[in-house]
Amino acid sequence: MDNTRKQVLVIGGGLAGITAALAATKNGAQVTMVTSGPGTFALGGGTVNIQGMSSEQPYLEEAIVFFSAMTAAAGCEYRGACNERTLIPNIMGGFQEVLLAPSSVWAGRPVNGSKVIVAGIHGLSGFSASLTAELLAASVKKLGMQVKYSAATIKIPWLQNRSFTSLDLANYLEDKQNQKQLVELVQPLVGDNDLLLLPAIFGSKIKEKEFAEFIKQVGCSVGELVTVPPSMVGLRVFQCLQRYLTQAGVESNPGYPVQALQLEDGLCTAAILDTPGRKRVIKAQSIIVATGRINKNSIAITIAGKDNETLLPEDVRVNEQMQLVDKNNLSVATNVYGAGNIIETYECKNGNALAIVTGYRAGLLAAGVTR
Amino acid sequence: MEKEKLTIDYCLKCSYCNTVCPLLKVCPDYPGPKKLGSDIERFRREGLDCSLDWVDYCLGCGQCDLICPNQVNVSEYIAAAKVQQKKTGVKKIRDYLFARPALLGKMSTIVTPVSNCALKAAGPFMPLGGITAKRKLPAYTAKPLIGTDGSSRQNRERERILLFPGCFIKYNDSDIGAAAVKVLEKAGYAVEIAQTGCCGLPAASDKAEALADARNNILAMKDAVMKGWKIVTACTSCGHTLKSRYAGLFSEDEQLAKLAQLVAASTYDLGELLVALQEEGRLEQRQTNVFRKLAYHAPCHLKAQGIGKPWVKLLKSNPCLEIIDMDNGCCGMSGTYGFKKEKYDISMKIGQALFDGINECKPDMVITECATCRLQIQHGTKYKALHPVEVFAQIFCS
């Protein structure tokens, strides 16, 4: 074991956890992750919102720049910047204000004076191209923009006469021949349109280069619409970042959540995992709790020499140094940090920009970066 | 409320399980783990007949359980439904035998050369028994697995390990077991070979047989675990079964349930134990002058143990080895699944991503802990597949 590097344990594999792990590992720490599922980030299509949150938030710009650089290096490029808000269309025919979005989603934003065709796929459940186009036309009017939306539905011969999900379609499209076939089917729809909007149907294995090739062959811009979960764009970004984390030397442990944190002399020394047969003990010098809110399991805190254990509450507070604190603002342990959705000030309307900011800061502090 | 009932309500319908199912990826008509597992389970619990032939096609890889945000045991629900499935004709006989690898192994290793000739001769007739003719059944070994010679005083004083061989190492490839014994001895242990049978995983759909396997094994290991010995296995499927299945089987027999828990708590995967030794500084690897590029495939039942990828950690720390973690998901073999005539094509389709990955990587050889993963890799690629301990023993014990 490399003793010169700081051992950081990140609990949680959502946006906050991933950002924290990346920030810590890029700042020299040896990072281990414990996850149970990909969190809500992958469910939501991978867009980053900032509603209700102040742009004056310290570290916001630094964290967003870091996140953008990391995603670009991982092969899932994001578009957008800290001081911009962009509207992107969704399958419900509305527009959503985002700070950042995966570039394929970003490509779907409305441009004044443009013509857009929304393409549906016969049999794809939960998506109607004509309904989406009609509602987008109405929404764009309200925004005072001139964009013409029309709709068409294609039939993929292999997929006829049955109902399928975007995941089925994504699996089907992993075959290069099938990608080619899709190009042939959508090409005739392009005509004089500037943009083709497709529901997100490309799987997690499609690379940026292949998507660029697809756009080139189609003959106009192509934007992806985020669908109902599981959203393929979110999954793609998630899996891309997972691979990137592994490459960066982060050890990932999926499936068995942390059951307890062990405290000794005011420091957390280890996390206990509920693995089959025997509980696994992971020792670390810094611990980042980024467990989010969709998981039902809670983390116990045990103190050496004491019998009683307390449960980490669903809402937690952090201090200026991102350390988890109790009701009296006393830190749980000076080396336990909090990030993401579990922080009580994190309201839904804040979107996930705060997950990036808190994850980034916790990652830096856990790695021992001081300023 | 019982824990079981609680967990099914924890299903969020997020569909993450469907995104990792290797079968759904190649077989879009398959209902997927969410529907077949936690969705339909509600009706099964109401006593409604929900028998679907599809449950028989689940590979039991357990990846759905691992990605679930709330640890819903999706694959367990499907496995339980499998038990209820009624089988007839040839499939019934075939699956009866496939559930009993130890019975076949015992009979076949009485006079091994004869059995291997018979195996070869039987090849063309396999389809009559519902077994694909496209694969060769693995040959049996004539070499019995031998533990540490306990006669010397020095060996008697060493810490003991009970090696759970599992059917493949016991009856088909005892060289892997011998390599494991050699490595463990070099690490300072005295190794005894457990007098156990099949772990019971192949009999998961045959409840009485699985229970008998578990009971016999627990009793065979009772003395050792009571003395505090560690049980070590080089097979990830055996290890997964010992750790996670035994403890839940004997809710009516308190004493046996306690023993089962002790067995589970005493069981170590070979790589898991060695990595722990290395981290404690008790395992010194040597550098060889031969550089080797090894493609590593992580078996599904290793992932299910929640111990990370110990062999990758162990071998990566040796500068003479380049370890490439394929990370291409399930190989598609799933024990005897890939041998079954009606499942052969699906099995190969699932394995294709891994085969492509290995071919692209061009390694010197492939390493993976699971015996049937190795059979699948050798069948689907031209590469030789070894257990990592075979490579490690060469470096560590030379």
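Everything discussed here concerns the structure shown above.
Residues numbered from 1 in each chain as written. Chains lettered and ligands numbered in written order. Predicted model: local features only at pLDDT ≥ 70, side-chain atom pairs only at ≥ 80, totals over all residues. Heavy atoms only, no water.

A. Representation of the overall build of chain B in the model. Summing up its helical and strand segments, chain B has 21 helices and eight strands in all. The C-alpha radius of gyration of chain B comes to 21 Å, within 12% of the 21 Å expected for a compact globule of 398 residues. For the C-alpha atoms alone, the extent of chain B along its principal axes is close to 65 × 50 × 45 Å. Of the contacts made within chain B by residues no fewer than 6 positions apart, 75% connect residues no fewer than 24 positions apart. Here chain B displays about 17,900 Å² of accessible surface, and carbon together with sulfur accounts for 54% of that area. Taken together, the 53 basic and 42 acidic charged side chains of chain B have centroids lying 4 Å from each other. (Helix = DSSP H or I, 4+ residues; strand = E, 2+ residues; numbered from the N terminus. Rg over C-alpha atoms; globule rule 2.2 N^0.38 Å. Contact = heavy atoms within 4.5 Å. Areas by Shrake-Rupley, 256 points an atom, 1.4 Å probe, with all protein chains shown as cover. Lys, Arg positive; Asp, Glu negative; His and termini not counted. Charge placed at Lys NZ, Arg CZ, Asp CG, Glu CD.)

B. Molecular detail of the pairing of strand S16 (residues 300-303) of chain A. Residue and element names in this part refer to chain A. In terms of strand pairing, strand S12 (residues 258-264) meets S16 through four bridges, oriented parallel. Its bridge partner lying in S16, Gln262 is registered against Thr302. When S16 meets strand S17 (residues 309-311), the two strands line up antiparallel, connected through three bridges. Opposite Ala300, over in S17, you have Leu311 as the bridge partner. (Pairing = 2+ DSSP bridges.)

C. View of the interface of chain B and chain A. With 34 residues of chain B at the contact, the number on the chain A side is 32 residues. The junction of chain B with chain A conceals about 2,600 Å² of combined surface from both sides, 56% of it contributed by carbon and sulfur atoms. Applying the counting criterion to the chain B and chain A interface returns two salt bridges. Across the pair A:Glu251 and B:Lys313 runs a salt bridge whose closest N-O atoms are separated by 3.2 Å. Counting the contacts that link chain B with chain A gives eleven residue pairs in polar contact (both at pLDDT 80 or more). Mapped onto the side of chain B that touches chain A, the elements with two or more residues apiece are helix H2 (16-20), helix H3 (22-26), helix H5 (63-67), helix H14 (236-244), helix H15 (254-266), strand S4 (267-269) and helix H16 (270-279) of chain B. The class makeup of the residues in the side of chain B that touches chain A is 16 nonpolar, eleven polar and seven charged. (Buried area = accessible area lost by both parts, 1.4 Å probe. Salt bridge = Lys/Arg side-chain N within 4 Å of Asp/Glu carboxyl O. Polar contact = N/O pair within 3.5 Å; in protein donor to acceptor, adjacent residues only side chain to side chain. Nonpolar A, V, L, I, M, F, W, Y, C, P; charged D, E, K, R; others polar.)

D. How the structure looks around the sheet that holds strand S7 (residues 365-367) of chain B. Residues and elements named next belong to chain B. If you walk across this open sheet you meet the four strands as S6-S5-S7-S8, and the pairing is parallel. Looking at the sheet topology across the chains shown, the edges are occupied by strand S6 (321-325) and strand S8 (385-386). Strand direction decides the pairing type here: strand S5 (residues 292-296) and S7, joined by three bridges, are parallel. Among the inter-strand pairings, Tyr296 is bridged to a residue of S7, identified as Ile367.

E. The arrangement of the side chain of B:Asp269 in detail. Residue and element names in this part refer to chain B. Along the polypeptide, Asp269 turns up in strand S4. One buried charge, Asp269, has no salt-bridge partner; the nearest side chain with opposite charge is Lys243, at 6.7 Å. A distance of 3.0 Å separates a polar atom in the side chain of Asp269 from the backbone nitrogen of Gly271. In contact with Asp269, not counting residues within four places along its chain, are Thr233, Thr236, Lys243, Gln305, Ile307, Pro310 and Trp311. (Buried < 20%, exposed > 50% of the residue type's maximum accessible area, 1.4 Å probe, protein only.)

F. Quick look at helix H7 (residues 89-98) of chain B. Residues and elements named next belong to chain B. Among all positions of H7, only Arg94, Asp95 and Phe98 are buried. Axial view of H7: buried residues confined to an arc of 95°, hence all on one face. In H7, those exposed residues whose orientation departs by more than 90 degrees from the buried face are Lys92 and Ile93. (Arc of directions from axis to C-beta.)

G. Representation of the packing of aromatic side chains in the model. All names here are of chain A. Tallied over the entire structure, the rule returns ten aromatic pairs over all chains. Between Phe67 and Tyr78, the ring centres sit 5.1 Å apart and the planes meet at 70°, which makes this aromatic pair edge-to-face. Here Tyr78 lies in strand S3 (residues 78-79) and Phe67 lies in helix H2 (residues 60-74), a separation of eleven residues in the sequence. Of the two residues examined, Phe67 and Tyr78, each falls in the buried class. (Phe/Tyr/Trp six-rings, centres within 6.5 Å; stacked < 30°, edge-to-face > 60°.)

H. Broad picture of the pattern of salt bridges. Residue and element names in this part refer to chain B. Evaluation of the coordinates by the stated rule reveals 32 salt bridges over all chains. Across the pair Glu272 and Lys243 runs a salt bridge whose closest N-O atoms are separated by 3.0 Å. Remark: Lys243 occurs in helix H14 and Glu272 occurs in helix H16; sequence separation between them is 29 residues. Each member of the pair Glu272 and Lys243 is classed as buried. Each of the salt bridges in this network shares a partner with another, and the network as a whole consists of Asp56, Lys91, Arg94, Asp95, Lys340, Glu342 and Lys343.

I. Molecular detail of empty space enclosed by the protein. Residues and elements named next belong to chain B. In the structure shown here, the tally under the stated rule is four cavities of 30 Å³ or more. A volume near 110 Å³ is recorded for the largest cavity. Lining the largest cavity are 14 residues, and of these Cys21, Pro22, Cys58, Cys61 and Cys64 lie nearest its centre. Of the residues assigned to the lining of the largest cavity, the class counts are eleven nonpolar, three polar and no charged. As a volume, the second largest cavity reaches approximately 90 Å³. Around the second largest cavity, the lining comprises 13 residues; the ones closest to its centre are Cys11, Leu12, Cys14, Cys17 and Cys68. Across the lining of the second largest cavity, the residue classes tally to ten nonpolar, two polar and one charged. (1 Å grid on protein atoms, 1.4 Å probe; cavity = no way out; pocket = protein on both sides within 12 Å on 5 of 7 lines; lining within 4 Å. Points joined across faces, edges and corners; volume = space filled by probe spheres on them.)

J. The packing of H2(A) against helix H8 (residues 232-247) of chain A, seen in detail. Residues and elements named next belong to chain A. Packing of H2 against H8 brings their axes to within 9 Å, and their N-to-C directions diverge by 85°. When the interaxial angle is binned, H2 and H8 end up roughly perpendicular. Facing H2, whose interface residues are Met70, Thr71, Ala73 and Ala74, H8 presents Cys240, Leu241 and Tyr244. Residue composition of the contact of H2 with H8, by class: six nonpolar, one polar and no charged. (Axes fitted to C-alpha atoms, helices over the stretch in contact; angles between N-to-C directions. Parallel < 35°, antiparallel > 145°, perpendicular 65-115°, else oblique.)

K. Highlighting the sheet that holds strand S11 (residues 251-254) of chain A. Residues and elements named next belong to chain A. Ordered by their spatial adjacency, five strands build an open sheet running S11-S2-S1-S15-S20, and the pairing between neighbours is parallel. Looking along the sheet, the strands with just one partner apiece sit at the ends: S11 and strand S20 (336-338). On average, adjacent strands in this sheet sit at an angle of 20° to one another, irrespective of strand direction. Judged from the five bridges that link them, strand S1 (residues 7-11) and strand S2 (residues 30-35) form a sheet pairing that is parallel.

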